[in-house]
Structure formats: structure tokens, C-alpha cells
Amino acid sequence: MRTSRIRTTALAAVTAALALGLTACGGADGASKAAAGDNAAASAQSRSVSTGDGKTGGDTKENARSTTASGGTDEAGGTDTADAQPCVGDELMVTAEHRFAGQQGDHLLVTASNEGDKPCWVTSYPSVKLGGDVDDAALPHSKKDDQGGDAHLTLQPGGKVYSAVNLFDYGSNHHTANSFAMALRGADGSDGPSYSVDAKGEKPQFSWNEADVLNWNTKKPYDF
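Attention here is on the structure that accompanies the text.

Procedures and definitions
Residues numbered from 1 in each chain as written. Predicted model: local features only at pLDDT ≥ 70, side-chain atom pairs only at ≥ 80, totals over all residues. Heavy atoms only, no water. Disulfide = S-S within 2.5 Å. Helix = DSSP H or I, 4+ residues; strand = E, 2+ residues; numbered from the N terminus. Buried < 20%, exposed > 50% of the residue type's maximum accessible area, 1.4 Å probe, protein only. Salt bridge = Lys/Arg side-chain N within 4 Å of Asp/Glu carboxyl O. Pairing = 2+ DSSP bridges. Contact = heavy atoms within 4.5 Å. Polar contact = N/O pair within 3.5 Å; in protein donor to acceptor, adjacent residues only side chain to side chain.

1. A few points about the state of the cysteines
Item 1. Going through the model one piece at a time under the given rule, you end up with one disulfide.
Item 2. Here Cys87 connects covalently by a disulfide to Cys120, the sulfurs 2.1 Å from one another. Looking along the S-S bond of the Cys87-Cys120 disulfide, the torsion reads about 85 degrees, which is the right-handed sense. Of the two residues, Cys87 sits in the loop between β2 (85-86) and β3 (92-99) while Cys120 sits in strand β5 (residues 120-123), which places them 33 residues apart along the sequence.
Item 3. Exposure remark for Cys87: the relative accessible area of 8% places this residue in the buried category.
Item 4. Residue Cys120 is classed as buried on the basis of its relative accessible area of 3%.

Spelled out as C-alpha cells, the structure:
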């Protein structure tokens, strides 16, 4: 396993605000008309980058579906998400919280935050190997999850995305660990480098007989 470049913390919250300000000032009639034209063009470009529901508009530079996870506010930033590069790990902080330990709905809530100064995207679901053994097979995608996991989720600086590792413990012959290996997937489905993530929470140790993983999402799974 490679040395982890993704930092893990106990549910650290990182927020950053990304705002785009457009200002135009006029003097003579000719300058006012030019400024007005610039503002109209800028507004049109901004609308083509991000719609109110966080999806990119029709003038993006790629055809892949894209959703934006914004930092600090509910609105996507002014950066063109079509220019975002895939997240590689250096810019991300990943945390894992063990929730509902020993109860129905037992899972690991995985949160990835963009601590860099540029947007980047993730796709599909994280490649997770419980116990940190990179030679084991990665967990499968949950059959109950949305199968449309090929969208690019763009994280603006300070933005977050979420996944979950569902744990099924049948009470005997189970495995136990307090960490796991995680890798980001590329657009072609291949795994990037693996990093170690420690579970946190009241009971950081977790057990499982079977487990599966949810797609990345801009909303927390099991948020109740």
C-alpha cells in the first residue's frame, strides 16, 4: 500500500467560499454600452456553467454528466466545471464515521472534502477494501443504489461528497477492523492509488460478514 497522501481526521469540517463577482462601471455612452455587453456575455456564460440544481448547462466542454458540490454555500461556484480535473488524493481530506454500530443500518459514512484551491471531480463509488488489505477484492457496489454512477461530481474548493460502506454482521464468523483501504476510480473504472482511512465514532471498530458500497453523492446517505 502506498503511503497515504489523503489526510484523515475525526469528522473535520472544512469550508471555503468560492464567489465570482462581476462589476462594470460606465463613463461615456460608448463605455457604458461596452460594459453592458460584457455583463450580458458574462451572465450568459455563468448560466451555461451551472443551473440552479447544480448540473452543468449545455455549453460545457465535455458531454459527461456533471454535478457540482459547492463549498460554503448551496450554489455552485463560478468556475467552469468542464475544466475540472479528476481528484487524485492530494487535494482531498477523507473521514470515515462508524454509525449505528451493531444496529440495523450499520455503516461507515465516508466524507471527502476538497481542500485544494481548484475544482476536481470524482465518479462512481470509491474502491474500498475493508481491513486495509490491498490484496483483497474491492467491495461490490450496492444493488439497492442508483446504478447511474458514471456522473462526474465536481468538488469546488471546500465542497464535499459522501459515500457509505454498508456493513452486514450476522453475529458469527465475521471480520473485524477499524480501518480500510480506499482508492478513487477514474472515468474508465480503473482504481487509483490506495490510501488508508481510519474509522472514527463512538465505536470505531466495525464487524462484517458482507459489505457493499454506495455511489458518491452530494447528499449524506442515511441522513436521519
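Here the narrative resumes.
2. A look at the pattern of salt bridges
Item 1. Overall, the coordinates contain one salt bridge when judged by the stated rule.
Item 2. Among the salt bridges present, the one from Asp191 reaches Arg185, with a minimum N-O distance of 3.2 Å.
Item 3. Accessibility expressed as a relative area gives 16% for Arg185, which makes it buried.

3. Quick notes on the pairing of strand β4 (residues 107-114)
One face of the sheet, then the other: side chains in a regular strand alternate in exactly this way.
Item 1. Here β4 lies mainly inside the structure; eight of its eight residues are buried.
Item 2. On β4, burial covers both faces: His107, Leu109, Thr111 and Ser113 on one face and Leu108, Val110, Ala112 and Asn114 on the other are all buried.
Item 3. Relative to β4, β3 runs antiparallel, the two sharing eight bridges. Counterpart to His98 in the pairing with β4 is Leu108.
Item 4. Bridge count between β4 and strand β8 (residues 160-168): seven bridges; the pairing is antiparallel. Looking at β8, one finds that Leu109 is bridged to Ala164.

4. Details of the environment of Asp106
Item 1. Turning to its location among the elements, Asp106 is positioned in the loop between β3 and β4.
Item 2. For Asp106, a relative accessible area of 10% puts it in the buried group.
Item 3. Along the chain, Asp106 and Trp208 lie 102 residues apart, while their C-alpha atoms are 9.5 Å from each other.
Item 4. With residues up to four places along the chain from it excluded, the contact list for Asp106 reads His98, Arg99, Phe100, Ala101, Val165, Asn166 and Leu167.
Item 5. A distance of 2.7 Å separates polar atoms of two side chains, one belonging to Asp106 and the other to His98.

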